[in-house]
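Descriptive analysis of the structure
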Amino acid sequence: MLLTLVRRSVAAGALALVAARALEAQSTPRSQPLVRVHGVVDGSAIVETARHYLGVRYLLGGTTPRAFDCSGFIRYVFELHGLQLPRTAHEQAAIGVAPDERQLEPGDLLFFYGGHGAQHIAMYIGGDSIIHASSGGHRVKLDRLSGTGSHRTWFGQRLIAVRRLLPAVGTFDLPAS
């Protein structure tokens, strides 16, 4: 009796697995398989990963693709590359090296004053642009960093620190051949 029950459970489980895979195959687009490799992660790899999350909604305390806050977003993107960061913008501002803010590179972390030290974080992506989880914009979005002349942006007026963590040894995905 017990053996029959075990056989039925195994058969039901196998059937559920086959059905789940069939549904998954119907609902997910076919894409090229990826291989996770260890190596040097640079700013362009981090920026490319960050761009995948454009449009994800903002939520204070959010740390997953369901919703991010500013530091949760940065932390999540770096973790996808095997690089661990502290949780808050204030803690993240204490790591890395401080490059000249006139020589920014993609992947640099930018910290902004919000009343009590570093209260907001964004990632520099190049061309005077940043990507960040915006409480005002309610989503992960791109913005101008400094603007020009008398049209300085909120970010350009409140930048208080820059930290460079890259290149660093981590992981990334490459298309399988």
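Model, not experiment: these values are computed from the prediction.

On to the confidence of the model for the chain, then. Of all residues in the chain, 81% attain a pLDDT of 70 or more, and the chain-wide mean is 84. Note that residues 1–29 has pLDDT below 50 and, in this model, 1 contact with residues that lie over four places away or in other chains.

Our next topic: the environment of Tyr76. Relative to the assigned elements, Tyr76 resides in helix H3 (residues 70–79). Separated by 12 residues in the primary sequence, Tyr76 and Thr64 place their C-alpha atoms 6.9 Å from one another. Setting aside its immediate chain neighbours within four residues, Tyr76 contacts Tyr53, Thr63, Thr64, Pro65 and Phe68.

This paragraph deals with the packing of aromatic side chains. Inspection of the entire model under this criterion finds 7 aromatic pairs. Measuring from ring centre to ring centre gives 5.3 Å for Phe112 and Phe155, while their planes differ by 70 degrees; the resulting arrangement is edge-to-face. One end of the pair, Phe112, is in strand S4 (residues 109–113); the other, Phe155, is in helix H5 (residues 154–158), with 43 residues separating them in the sequence. Neither Phe112 nor Phe155 differs from the other in exposure class; each is buried. Following the ring pairs from residue to residue traces out a cluster consisting of Tyr53, Phe68, Phe73 and Tyr76.

Let's shift gears to unusual backbone geometry. With an omega of 5 degrees, the peptide bond running from Leu166 to Pro167 counts as cis. With respect to the helices and strands, Pro167 occurs in the loop between strand S8 (159–163) and strand S9 (168–175). In this structure, Asp128 is a non-glycine residue whose phi angle is positive, near 60 degrees. Note that Asp128 resides in the loop between strand S5 (118–126) and strand S6 (129–134). Judged by relative accessible area, Asp128 falls into the partly exposed class, the value being 22%.

The rules behind the values
- Residues numbered from 1 in each chain as written.
- Predicted model: local features only at pLDDT ≥ 70, side-chain atom pairs only at ≥ 80, totals over all residues.
- Heavy atoms only, no water.
- pLDDT = per-residue confidence, 0-100.
- Contact = heavy atoms within 4.5 Å.
- Helix = DSSP H or I, 4+ residues; strand = E, 2+ residues; numbered from the N terminus.
- Phe/Tyr/Trp six-rings, centres within 6.5 Å; stacked < 30°, edge-to-face > 60°.
- Buried < 20%, exposed > 50% of the residue type's maximum accessible area, 1.4 Å probe, protein only.

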